[in-house]
Amino acid sequence: MTAAAQTRLWLAQRASAAVLAFCVVVHLAVIIYAVRGGLSAAEILARTQGSLPWAGFYALFVVAVAVHASVGVRAVALEWLHLRGRALGVLVALVAAVLLGLGLRAVWAVYA
Amino acid sequence: MRADWHARNHPAYWAFVVHRLSGLLLTLFLPAHFLMLGQALHGEAQLDGLLRWTDAPLVKTAETVLILLLAAHLTGGVRLLMLEFLAWRNWQKALAAIAAGAAIAVGLGFALNVA
């Protein structure tokens, strides 16, 4: 991998981390508030269904997670599993695709 | 070998281990989390059926562990961003301790509310 590509990955990891720092604080606050009295689908959907701000927030959250986790998994696979080349590329693409696909589907499921 | 271990046994190394393992475990958990929320596509009752699982004490314990992992990854990540982007200070150990303390506080906050 070229130095420029490595720099892009480093930047993507830090930029997504900054977005996630905000998203996770909001998410943790919502979780701790929401679990009081138990979780119910009605309560979750009352908050999210038809709400563009929540859908936008969670879509941003999912995109940032897909970037952050795939770059993170790449570092772990490189250092601990010694994966290189095509195998590493396929693993990273797979992690990003699964998180992005399932994540955006979940956002749509609680919005629509 | 012993010298290797000695060199690694310090707060910054343990902060690295916690950050890496929590990140991996959260990445493994997320697809299941998304699939569960995706059940809302099949109606509120379907999602509610899965959410009833969360009443079980064992699931509540697992959730608390997940919240701890998420909080630890958050605070450990903020620590890393501060180390990389702010001017150097001799505060590595203090930052690691603050990160650990904040993560435990969030975990306790969840555990007390979910109990």
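Residues numbered from 1 in each chain as written. Chains lettered and ligands numbered in written order. Predicted model: local features only at pLDDT ≥ 70, side-chain atom pairs only at ≥ 80, totals over all residues. Heavy atoms only, no water.

1. With respect to the packing of helix α2 (residues 11–38) of chain B against helix α4 (residues 57–85) of chain B
Residue and element names in this part refer to chain B.
Then step 1. Across the interface, α2 lies against α4 with an axial gap of 9 Å and an inter-helix angle of 130°. If you check the angle between α2 and α4, you find them oblique. In terms of crossing hand, the pair formed by α2 and α4 is left-handed. Of the residues in α4, those in contact with Ala 12, Ala 15, Val 18, His 19, Ser 22, Gly 23, Leu 25, Leu 26 and Phe 29 of α2 are Leu 66, Leu 69, Leu 70, Ala 72, His 73, Gly 76, Gly 77, Arg 79 and Leu 80.
Then step 2. Of the residues that constitute the contact of α2 with α4, the class distribution is eleven nonpolar, six polar and one charged. (Axes fitted to C-alpha atoms, helices over the stretch in contact; angles between N-to-C directions. Helix = DSSP H or I, 4+ residues; strand = E, 2+ residues; numbered from the N terminus. Parallel < 35°, antiparallel > 145°, perpendicular 65-115°, else oblique. Left-handed = near helix turned anticlockwise from the far one by under 90°. Contact = heavy atoms within 4.5 Å. Nonpolar A, V, L, I, M, F, W, Y, C, P; charged D, E, K, R; others polar.)

2. Side note on the pattern of salt bridges
In a structure, side chains of opposite charge can pair up when their charged atoms sit close to one another.
Residues and elements named next belong to chain B.
Then step 1. All chains considered together, the criterion is met by four salt bridges over all chains.
Then step 2. Between Asp 48 and Arg 52 there is a salt bridge, with its nearest N and O atoms 3.3 Å apart.
Then step 3. Residue Asp 48 is classed as partly exposed on the basis of its relative accessible area of 23%.
Then step 4. Under the relative-accessibility criterion, Arg 52 is labelled partly exposed at 37%.
Then step 5. Here Arg 52 and Asp 55 are joined by a salt bridge, their closest N and O atoms 3.0 Å apart.
Then step 6. Residue Asp 55 is classed as partly exposed on the basis of its relative accessible area, which comes to 38%.
Then step 7. One network of salt bridges, with partners in common, ties together Asp 48, Arg 52 and Asp 55. (Salt bridge = Lys/Arg side-chain N within 4 Å of Asp/Glu carboxyl O. Buried < 20%, exposed > 50% of the residue type's maximum accessible area, 1.4 Å probe, protein only.)

3. Brief notes about the interface of chain B and chain A
Then step 1. The partner chain A presents 38 residues to the 34 residues of chain B that form the contact.
Then step 2. For the chain B face of the interface with chain A, the top three residues by lost area are Arg 20, Phe 34 and Asn 113 of chain B, together amounting to 20%.
Then step 3. The interface formed by chain B and chain A holds two salt bridges in total.
Then step 4. Between Arg 20 of chain B and Glu 79 of chain A there is a salt bridge, and its shortest N-O distance comes to 3.0 Å.
Then step 5. Between chain B and chain A we count four residue pairs in polar contact (both at pLDDT 80 or more) in total.
Then step 6. Of all the secondary structure elements, the ones that give two or more residues to the side of chain B that touches chain A are α2, α3 (44–51), α4 and α5 (92–114) of chain B. (Buried area = accessible area lost by both parts, 1.4 Å probe. Polar contact = N/O pair within 3.5 Å; in protein donor to acceptor, adjacent residues only side chain to side chain.)

4. A few points about the packing of aromatic side chains
Then step 1. One pass over the full model with this rule turns up nine aromatic pairs over all chains.
Then step 2. Both rings, one in Trp 108 of chain A and one in Tyr 111 of chain A, keep their centres 5.9 Å apart while their planes meet at 45°; by these two values the pair is tilted. Here Tyr 111 of chain A and Trp 108 of chain A lie together in helix α4 (residues 85–111), a separation of three residues that amounts to about one turn.
Then step 3. Ring centres of Tyr 13 of chain B and Trp 14 of chain B lie 5.5 Å apart, and the angle between their planes is 70°; on these two criteria the pair is classed as edge-to-face.
Then step 4. Note on Trp 14 of chain B: relative accessible area 37%, which makes it partly exposed.
Then step 5. By the ring-pair criterion, three or more aromatic residues cluster together here, those being Phe 22, Trp 54, Phe 57, Tyr 58 and Phe 61 of chain A.
Then step 6. Looking at Arg 20 of chain B, its charged tip hangs above the ring of Trp 80 of chain A, at a distance of 5.0 Å from the centre. (Phe/Tyr/Trp six-rings, centres within 6.5 Å; stacked < 30°, edge-to-face > 60°. Lys NZ or Arg CZ within 6 Å of the ring centre and 35° of its normal.)

5. Quick look at a nonpolar patch on the surface
Residue and element names in this part refer to chain A.
Then step 1. A contiguous nonpolar patch, built from Val 63, Val 67, Leu 100 and Leu 104 and spanning about 270 Å² of accessible area, is present on the exposed surface.
Then step 2. Residue placement: Val 67 occurs in helix α3 (residues 52–80).
Then step 3. Here Val 67 falls in the partly exposed class, since its relative accessible area comes to 32%. (Patch = residues over 30% accessible without salt bridge, like charges linked within 9 Å, V, L, I, M, F, W, Y side chains within 5 Å. Areas by Shrake-Rupley, 256 points an atom, 1.4 Å probe, with all protein chains shown as cover.)

6. Description of the nonpolar core
Then step 1. If you look at the biggest cluster of nonpolar residues, it comprises 47 residues, and the most contacted ones within it are Leu 28, Phe 61 and Leu 99 of chain A together with Phe 34 and Phe 110 of chain B.
Then step 2. Where this core is concerned, the elements lending two or more residues are α1 (3–34), α2 (41–48), α3 and α4 of chain A together with α2, α3, α4 and α5 of chain B.
Then step 3. With ten residues, α3 of chain A is the single largest residue contributor to this core.
Then step 4. In this view, Phe 61 of chain A contacts Leu 20, Cys 23, Val 24 and His 27 of chain A; residues no more than four positions away in its chain are not counted. (Core = buried A, V, L, I, M, F, W, Y, C linked by side-chain atoms within 4.5 Å.)

7. Structural notes on the confidence of the model for chain B
All names here are of chain B.
Then step 1. Chain-level pLDDT for chain B is 87 on average; 97% of the residues reach the 70-or-more range.
Then step 2. Across chain B, the secondary-structure element scoring lowest on mean pLDDT is helix α1 (residues 2–8), at 70, and the one scoring highest is α2, at 94.
Then step 3. Quick note on the complex model: pTM equals 0.90, ipTM equals 0.94. (pLDDT = per-residue confidence, 0-100.)

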